[in-house]
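So you can see what is in the structure, the chains are spelled out below.
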Amino acid sequence: MTASSTRPPRLQGRRASWFWLAVVASLALAVVAARAPSRLDSLLYDVLTRANARPADDSILIIDIDERSLARLGAWPWARDRHARMIDQLDQAGAGTIVYDVLFSQPSPDPAQDLALGEAIKRSGRVYLPEFLTDSGQNAPPRIVSSIPEIAQGAAGVGLAHVRFDNDGVVRRMAPFEADGPNLRPDLMTVVHRATRPPGSPDVTRSDAQTLLIPFAGPPSIYRHVSFVSVLEGEVPRELIAGRTVFVGVTAPGLGPAFPTPVTPDAASMTGVQLQASILDALRRGQMIKPAESASRVGFSLTLLWLLLIGFIALPPRANLLLTMGLCLV
């Protein structure tokens with residue numbers, strides 16, 4: 001008779017219980033510690049985003065500062081009276097909202113140009129301008145850069161055009177507000193959405209979520225685009241502009257930043273103005289996705305873990321295999 005066969009059954013059961021308790025505790029701690037979204041989560045979100053493409057908001061029009069415009073109007077940056085002419089033209093055509101995604105942070109060599117642009121913005125009363133967060137370096141808080149007062153003071157609203165990157169460098173989310181010291185500064189699309197949404201419609205920017213996942217309607221080409229020079233020279237029918245939310249921004253390659261997103265996985269090909277249009281589209285539809293809170297994620301994961309461990313103890317091997325596969329799918 002061996003030593004192990006003389007061990008009391010109660011002692012064996014007690015050791016097995018302690019073993020399983022240690023396994024459960026260790027795995028539970030691992031689940032709680034792993035709070036950051038995993039690469040698998042991001043890949044799954046990207047797949048679902050592409051699979052759930054939808055028609056773009058027809059009320060959105062993007063006016064491209066593109067290669068064709070640069071070839072006909074000259075190198076960037078352009079004189080500010082040209083932007084003033086564009087705003088006047090959009091206003092006369094009946095644009096509902098004008099989001100002008102160009103920063104005028106430095107005075108023009110000709111102060112009259114700044115005054116002309118500022119007057120055009122003031123006359124319109126429906127122009128929204130961006131602000132940007134810049135890295136101050138040396139562990140200093142970020143600095144907000146705005147258009148000069150001569151231009152910005154007549155705007156209908158200003159907000160941050162700030163891009164949030166996930167750990168893998170892909171843009172999947174936006175922050176309705178960003179911290180500015182003890183205060184919060186609204187995102188530009190938060191400002192535009194709140195100012196233009198129908199009364200009583202849902203507004204996810206008023207939730208307590210720090211960030212919202214963007215359900216992209218599709219690639220940048222899904223929105224209606226026209227060239228800046230075409231609008232400026234009167235080649236675009238007024239009916240295409242009237243009543244629409246018009247975004248004006250740089251789309252020419254190499255002229256401004258472009259970002260990788262779930263709907264542009266092969267290259268950083270979504271420009272800032274196209275990203276803003278995608279965000280406003282989702283805000284207006286009420287389809288922005290609020291990430292689950294940490295407690296909900298941990299609770300969900302622990303529930304699956306405990307079901308799996310109970311299955312290991314109580315079920316035969318074949319049933320355990322089926323349970324494991326089912327929980328992985330969940």
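Quick caveat, the model's predicted, so the values are computed rather than measured.

J.: Is there a simple way to explain the overall build of the protein in this structure?
T.: Each helix and strand counted, the protein has 11 helices and 13 strands in total. When the 330 residues of the protein are sorted by exposure, 41% land in the buried category. Contacts spanning at least 24 positions in sequence make up 76% of the contacts within the protein whose residues lie at least 6 apart.

J.: Can you help me understand the layout of surface pockets in this one?
T.: It is the rolling of a water-molecule-sized probe over the atoms that shows where space remains empty. By volume, the second largest pocket is sized at about 580 Å³. Those elements that provide at least two residues to the lining of the second largest pocket are helix 4 (80-92) and helix 9 (272-285). With 5 residues, helix 9 is the largest single contributor of residues to the lining of the second largest pocket. Of the residues that constitute the lining of the second largest pocket, the class distribution is 19 nonpolar, 6 polar and 3 charged.

J.: It is not clear to me how the packing of helix 4 against helix 5 (residues 111-124) should be interpreted in this structure. Could you clarify?
T.: Contact geometry for helix 4 and helix 5: axes closest at 8 Å, N-to-C directions at 15°. In this view, helix 4 runs roughly parallel relative to helix 5, as classed from their interaxial angle. Viewed along their axes, helix 4 and helix 5 form a crossing whose handedness is left-handed. Where helix 4 approaches helix 5, its residues Arg 80, Asp 81, His 83, Ala 84, Ile 87, Asp 88 and Asp 91 are matched on the opposing element by Gln 113, Asp 114, Ala 116, Leu 117, Ala 120, Ile 121, Arg 123 and Ser 124. Residue composition of the contact of helix 4 with helix 5, grouped by class: 6 nonpolar, 3 polar and 6 charged.

J.: Looking at this model, I keep getting lost on the packing of aromatic side chains. Mind explaining?
T.: Within a pair of aromatic rings, the relevant descriptors are the distance that separates the centres and the angle that separates the planes. Summed over all chains, the structure comprises 4 aromatic pairs. Of the aromatic side chains, those joined through ring pairs into one cluster are Trp 76, Trp 78 and Phe 228.

J.: Would you mind showing me how to read the pattern of salt bridges here?
T.: Working definition: two side chains of opposite charge can pair if their charged atoms are close together. Inspection of the entire model under this criterion finds 20 salt bridges. A salt bridge links Glu 131 to Arg 185; its shortest N-O distance comes to 2.9 Å. One end of the pair, Glu 131, is in strand 3 (residues 127-134); the other, Arg 185, is in strand 8 (residues 183-186), with 54 residues separating them in the sequence. Note that Arg 172 and Asp 168 form a salt bridge whose closest N and O atoms lie 2.8 Å from each other. The class of Asp 168 is partly exposed, set by a relative accessible area of 31%. Each member of the salt-bridge network shares a partner with another, and the members are Asp 46, Asp 166, Asp 168, Arg 172 and Arg 173.

J.: Is there a simple way to think about the pairing of strand 11 (residues 245-250) in this case?
T.: Note on strand geometry: in a regular strand, side chains alternate between the two faces of the sheet. Counting buried positions along strand 11 yields 6 of 6 residues, so the element is predominantly enclosed. Residues Thr 245, Phe 247 and Gly 249 line one face of strand 11 and the alternating positions Val 246, Val 248 and Val 250 line the opposite face, and both faces are buried. Note: strand 2 (residues 97-101) against strand 11, 5 bridges, orientation parallel. Bridge assignment links Ile 98 to a residue of strand 11, and that residue is Val 246.

Calculation rules
Residues numbered from 1 in each chain as written. Predicted model: local features only at pLDDT ≥ 70, side-chain atom pairs only at ≥ 80, totals over all residues. Heavy atoms only, no water. Helix = DSSP H or I, 4+ residues; strand = E, 2+ residues; numbered from the N terminus. Buried < 20%, exposed > 50% of the residue type's maximum accessible area, 1.4 Å probe, protein only. Contact = heavy atoms within 4.5 Å. 1 Å grid on protein atoms, 1.4 Å probe; cavity = no way out; pocket = protein on both sides within 12 Å on 5 of 7 lines; lining within 4 Å. Points joined across faces, edges and corners; volume = space filled by probe spheres on them. Nonpolar A, V, L, I, M, F, W, Y, C, P; charged D, E, K, R; others polar. Axes fitted to C-alpha atoms, helices over the stretch in contact; angles between N-to-C directions. Parallel < 35°, antiparallel > 145°, perpendicular 65-115°, else oblique. Left-handed = near helix turned anticlockwise from the far one by under 90°. Phe/Tyr/Trp six-rings, centres within 6.5 Å; stacked < 30°, edge-to-face > 60°. Salt bridge = Lys/Arg side-chain N within 4 Å of Asp/Glu carboxyl O. Pairing = 2+ DSSP bridges.

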